[in-house]
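So you can see what is in the structure, the chains are spelled out below.
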Amino acid sequence: MNAASAGRETAPAPPATGTPDAQDTPGVLLLHGLMGRASHWASTARWLSGRFRAVALDQRGHGQSEKPADGAYTREAYIADAEAAIEQLGLGPALLVGHAMGALTAWQLAARRPDLVSGLIILDMRASALGAASQREWADWFRAWPVPFATLADVRKWFGEDDPWVERPHRARGEFYAEVMREAQDGWYPVFDPEQMLTSREAWVLDAHWEELAQVRCPSLVVRGLDGELGRAEAQEMVRVLSRGQYAEVADAGHLVHYDRPEGWRAAIEPFLAQVLTDRTG
């Protein structure tokens, strides 16, 4: 599997004149969550680009990546794609930054290939099993989507206000989903296949992932939004299980922390980034 077959990669411009060249600049691989895409990391990648060579990947089944009906949407496949991206793009040892499902991929890769990973940021992803009931709820949710949407404004309104899963109006959530829609003759559809998303999700929701978390040896930061899906008690237990774990939280943020509260997200991870850079040069 090569990185290009997994999906498109998005990276900011090369370092400016006078900064280290790509070979001397530490690499960062940004992994989106389920249904996400590389462009959701755009502001984070731009912010990191002054100090890192940042690459965001459209993972298989997502964004502009290939989406074969008979493709493998397994944990092994996602991990192998991230591994290939680091090796083929010369990013390693890289800082891995993952949101939700992308965070799980990041810590599973860190556990298996410590030589490729210099640090790890886990954003709002649980290590506990979510169970079969959760998978059924997601299947019901996908069926509730009123596709095709007539306009992108309808996409924003439904996901930001009308979706039964939304407790209060959430503008950033509407924008997030507007980024993963494509236009057809009769309206707007998701760029991904919901059935493939369910297959991808089924590969991890039925199992707990504490054992692999405990195998991670690099510096690691667990970040949660106060209104996100990862509770404080579980996040702090994840920090305890990690051999070099740290904890940060972002106020007034839900599951889409980096998209919802970019300033709070940057402030939460800045001390950890400084540490990773110090460790590299020290």
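Residues numbered from 1 in each chain as written. Predicted model: local features only at pLDDT ≥ 70, side-chain atom pairs only at ≥ 80, totals over all residues. Heavy atoms only, no water.

Participant: Explain the overall build of the protein to me, please; I cannot follow it from the model alone.
Facilitator: In terms of regular secondary structure, the protein is built from 12 helices and nine strands. The C-alpha radius of gyration of the protein comes to 18 Å, within 12% of the 19 Å expected for a compact globule of 282 residues. Taking the principal axes of the C-alpha coordinates as reference, the protein spans close to 55 × 40 × 35 Å. Buried positions account for 50% of the 282 residues belonging to the protein. The contacts of the protein with a sequence gap of at least 6 include a subset with a gap of at least 24, amounting to 74%. As presented, the protein carries roughly 12500 Å² of accessible surface, and 49% of it is formed by carbon and sulfur atoms. Side chains of the protein carry 28 positive and 39 negative charges; the gap between the two charge centres is 2 Å. (Helix = DSSP H or I, 4+ residues; strand = E, 2+ residues; numbered from the N terminus. Rg over C-alpha atoms; globule rule 2.2 N^0.38 Å. Buried < 20%, exposed > 50% of the residue type's maximum accessible area, 1.4 Å probe, protein only. Contact = heavy atoms within 4.5 Å. Areas by Shrake-Rupley, 256 points an atom, 1.4 Å probe, with all protein chains shown as cover. Lys, Arg positive; Asp, Glu negative; His and termini not counted. Charge placed at Lys NZ, Arg CZ, Asp CG, Glu CD.)

Participant: Looking at this structure, how should I read the pairing of strand E2 (residues 27–31)?
Facilitator: Along any regular strand, the residues point their side chains to alternate faces of the sheet. Burial within E2 is extensive, with five of its five residues counted as buried. What you see with E2 is no split at all: Gly27, Leu29 and Leu31 on one side and Val28 and Leu30 on the other are buried throughout. A crossover links E2 with its parallel partner strand E3 (residues 53–57), the connecting element being helix H2 (residues 42–48), and its sense is right-handed. Pairing geometry for E2 and strand E4 (residues 94–99), over four bridges, is parallel. (Right-handed = clockwise from strand over helix to strand, strands pointing away. Pairing = 2+ DSSP bridges.)

Participant: Looking at this structure, I do not really get unusual backbone geometry. What am I missing?
Facilitator: Here the amide bond leading from Gly92 into Pro93 is cis, since omega sits at -10°, within 30 degrees of zero. Locating Pro93 in the fold gives a position in the loop between helix H3 (75–89) and E4. Cis rather than trans, the peptide bond between Val147 and Pro148 has omega equal to 0°. With respect to the helices and strands, Pro148 occurs in the loop between helix H5 (132–144) and helix H6 (152–162). For Asp124, which is not glycine, the phi torsion reads 50° and is therefore positive. Along the chain, Asp124 turns up in the loop between strand E5 (117–123) and H5. We classify Asp124 as buried; its relative accessible area is 2%. Of note in the backbone geometry, Asp252 takes a positive phi value of approximately 55° without being a glycine.

Participant: Please clarify how helix H7 (residues 171–178) should be interpreted in this entry.
Facilitator: Residue pairs spaced three or four apart in an α-helix point in one direction, given the helix's 3.6 residues per turn. By the criterion of burial, H7 is predominantly enclosed, with six of the eight residues buried. Inspection of H7 places Ala172, Arg173, Gly174, Phe176, Tyr177 and Ala178 among the buried residues, and these make up the whole buried set. Considering only its buried residues, H7 is in contact with H5, H6, strand E6 (181–184) and helix H11 (257–260).

Participant: Would you explain the layout of surface pockets in this entry?
Facilitator: To find leftover empty space, a probe the size of one water molecule is rolled over the atoms. Its boundaries defined by the atoms lining it, the largest pocket holds a volume of some 1000 Å³. In terms of lining, the largest pocket is formed by 38 residues, of which the most central are Trp165, Arg173, Asp227, Glu229 and His255. If you list the elements that add at least two residues to the lining of the largest pocket, you get H5, H7 and helix H8 (194–205). Of the residues belonging to the lining of the largest pocket, the class tally is 17 nonpolar, eight polar and 13 charged. (1 Å grid on protein atoms, 1.4 Å probe; cavity = no way out; pocket = protein on both sides within 12 Å on 5 of 7 lines; lining within 4 Å. Points joined across faces, edges and corners; volume = space filled by probe spheres on them. Nonpolar A, V, L, I, M, F, W, Y, C, P; charged D, E, K, R; others polar.)

Participant: What is the right way to look at the nonpolar core in this model?
Facilitator: One recurring pattern in soluble globular proteins is that nonpolar side chains are buried together. Among the nonpolar cores identified, the biggest contains 61 residues, and Leu29, Met35, Trp107, Ile122 and Trp145 are the most heavily contacted of them. Dropping the residues within four chain positions of it, Ile122 is found in contact with Gly98, Ala103, Trp107, Leu213, Leu221, Val222, Val223, Met238 and Leu242. (Core = buried A, V, L, I, M, F, W, Y, C linked by side-chain atoms within 4.5 Å.)

Participant: Hey, could you run me through the side chain of Thr44 in this one?
Facilitator: Considering the arrangement of structural elements, one finds Thr44 in helix H2. In this structure the side chain of Thr44 is engaged in a polar contact, spanning 3.0 Å, whose partner is the side chain of Trp265. In contact with Thr44, other than residues within four places in its own chain, are Leu30, His258 and Trp265. (Polar contact = N/O pair within 3.5 Å; in protein donor to acceptor, adjacent residues only side chain to side chain.)

Participant: Honestly, helix H10 (residues 232–241) in this entry has me stumped. Any pointers?
Facilitator: For H10, every residue scored as buried is listed here: Glu234, Ala235, Met238, Val239 and Val241. Within H10, the buried residues cover an arc of 165° as seen down the axis, which keeps them to one side. What points out from H10, more than 90 degrees from its buried face, is the exposed set Ala233 and Arg240. Taken together, the buried residues of H10 touch helix H4 (101–112), E5, helix H9 (210–214), strand E8 (220–225) and strand E9 (245–250). (Arc of directions from axis to C-beta.)

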